[in-house]
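Fold and geometry: a report
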Amino acid sequence: MTVQTATLSNGFRIVTEHMPGLESAAIGIWVTAGGRHERPEQNGIAHFLEHMAFKGTETRSALQIAEAIEDVGGYINAYTSREVTAYYARVLRSDTGLALDVIADILRNPVFDPKEIEVERHVILQEIGQALDTPDDVIFDWLQERAYPDQALGRTILGETDRVSRFSEADLRTFVAEHYGPDQMILSAAGAVDHEAVVRQAEALFADMPNRPALSADSAQFEGGESRQVKDLEQAHIALAFESPGYRDPAFYAAQVYSVALGGGMSSRLFQEIREKRGLCYTIFAQTGAYSDTGMTTIYAGTSGDEIHDLAHLTVDEMKRAADDMSPAEVARARAQMKAGLLMGLESPSSRCERLARMTQIWGEVPALEDTVSRIDSVTTGDVRAFADHLVREAPAALALYGPVDAAPDLDALHQRRVA
């Protein structure tokens, strides 16, 4: 399998990887335009735009967009994150050109019909309502807001109801004009694909797009704080986050290994101590996420209101213990889990397609898998302990609580326990 790249004269980038033995392909366009690229009054518009992309173009209705892909047995979808919006499809080998034509059409020729805007506005407002009714979803939005207060990176991707209720066709077109330039797009394809054919079609579909200056996102500053929402629920939800390295930070892989060892699986410390030995919860996990310039190590658990106090204290105690006695065996197991997850996932053309796009956005190139595996393998027990010690003693923290959480310790109390 060989990664091949090309760049059109206007800055539009193309990256492909042929996977022998496959009869299907994944293809899509990743746009560097997510939630953190919105101005305050635009919060939620990147996600709104993603929805509207499928509501009709100058040559296809919403139904015709769906039928074009589903008539050949494929599927098409999109998502919005805080740093990117992606539009992608999975089809058979012979239909790769069709999939790219449809994706290009929805990106370059959307009509933004006012009637469709109102229909989709209602859909998105329902989506916001559903998220607010899902405690183990909404708590992460509140955690993000406390970690990065008054910053684009801290705002919800879906947007607030009052803003979404006011977005117009002009607002959508303004965001497209600001952020959907050719050098903000990456065409990625993996599986049964022919690089030269993809490049030729991309040239025909995108080479006439005018280049324009990209609007950069504001740098992020993890500040921390607490959000506590008391409500009569069956479960008390707690999410605790600590500032962690961004993608380009040399400590990124140590942070990843740490979170896997701490709470990434059934053998992890948090799962064994808090769920298996003490039975204080059903769900508990730790994970490390990253952005271009910052990151978060997050711990989440759901428990009863009566037990949230003990669970919170035990979580901090396990973090402190990890800084002192994280073993080589635990680190080796975490490294193995990371490598297996990476390599197993990349047996899917969709996962590989996404990796190509994201690596190109982050690094400007796609590191060889062997290099990534080597970086994981190079993380030592000392590296993990040092990162664990940094989290416990120095890293800013954010806390979100939801449900019957009156008895939960506050962020100051947890900080005192961290450094005691």
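The present account deals with the structure reproduced in this document.

1. A look at the overall build of the chain
In terms of helices and strands, the chain carries 16 helices and 11 strands. For a compact globule of 420 residues, the expected C-alpha radius of gyration is about 22 Å, and the chain comes in at 23 Å, within 12% of that figure. In terms of overall dimensions, the chain has a C-alpha envelope of 65 × 50 × 40 Å along the principal axes. Restricting to contacts in the chain with at least 6 residues of sequence separation, those with at least 24 account for 82%.

2. Looking at the packing of helix α1 (residues 45-52) against helix α7 (residues 169-179)
Relative orientation of the contacting elements α1 and α7 amounts to 100 degrees, with a least axis distance of 10 Å. The angle between α1 and α7 falls in the class roughly perpendicular. Here α1 contributes I45, A46, F48, L49 and M52 to the contact with α7, which in turn contributes D171, L172, F175 and V176. Looking at the contact of α1 with α7, its residues break down into 8 nonpolar, no polar and 1 charged.

3. Notes on the pattern of salt bridges
Following the criterion strictly, the structure yields 26 salt bridges and no others. Note that E83 and R36 form a salt bridge whose closest N and O atoms lie 2.9 Å from each other. On the criterion of sequence distance, the pair formed by E83 in the loop between β4 (75-80) and β5 (85-92) and R36 in the loop between β3 (24-31) and α1 is long-range, its members being 47 residues apart. We note a salt bridge from D105 to R60, for which the minimum N-O separation is 2.9 Å. On the criterion of sequence distance, the pair formed by D105 in helix α3 (residues 96-108) and R60 in the loop between α1 and α2 (62-70) is long-range, its members being 45 residues apart. Here D105 and R60 have matching classes, each one buried. Each of R269, E318, R321, D325 and E330 takes part in salt bridges that share partners, so that together they form one network.

4. Some remarks on the environment of H309
Inspection of the secondary structure puts H309 in helix α11 (residues 308-325). Residue classification places H309 among the partly exposed positions, given a relative accessible area of 32%. For the pair formed by H309 and A407, sequence separation is 98 residues and the distance between their alpha carbons is 5.9 Å. Sequence-distant contacts of H309, that is, excluding residues within four places in its chain, are made with A407 and P409.

5. Details of the pairing of β4
Burial along β4 is one-sided: the residues I76, A78 and T80 are buried and none of Y75, N77 and Y79 is. Across 6 bridges, the pairing between β4 and β5 is antiparallel. Counterpart to N77 in the pairing with β5 is Y88. Joining the antiparallel neighbours β4 and β5 is a turn of 4 residues.

6. What about the sheet that holds β5?
Ordered by their spatial adjacency, 6 strands build an open sheet running β1-β2-β6-β3-β5-β4, and the pairing between neighbours is mixed. On the outer flanks of this sheet lie β1 (3-7) and β4, each paired with one strand and no other. Adjacent strand axes in the sheet meet at a mean angle of 15 degrees, parallel and antiparallel pairs treated alike. Across 8 bridges, the pairing between β3 and β5 is antiparallel.

7. Overview of the sheet that holds strand β8 (residues 236-244)
In space, the 5 strands of this open sheet follow the order β7-β11-β8-β10-β9, with mixed pairing throughout. Of all the strands in the sheet, just β7 (225-230) and β9 (283-290) have a single pairing partner and so form its edges. Each neighbouring strand pair of the sheet contributes to a mean axis angle of 10 degrees, computed without reference to strand direction. Contacting β9 and β10 (295-303), helix α9 (residues 252-263) runs over the sheet at an angle of about 175 degrees to β9.

The rules behind these values
Residues numbered from 1 in each chain as written. Predicted model: local features only at pLDDT ≥ 70, side-chain atom pairs only at ≥ 80, totals over all residues. Heavy atoms only, no water. Helix = DSSP H or I, 4+ residues; strand = E, 2+ residues; numbered from the N terminus. Rg over C-alpha atoms; globule rule 2.2 N^0.38 Å. Contact = heavy atoms within 4.5 Å. Axes fitted to C-alpha atoms, helices over the stretch in contact; angles between N-to-C directions. Parallel < 35°, antiparallel > 145°, perpendicular 65-115°, else oblique. Nonpolar A, V, L, I, M, F, W, Y, C, P; charged D, E, K, R; others polar. Salt bridge = Lys/Arg side-chain N within 4 Å of Asp/Glu carboxyl O. Buried < 20%, exposed > 50% of the residue type's maximum accessible area, 1.4 Å probe, protein only. Pairing = 2+ DSSP bridges.

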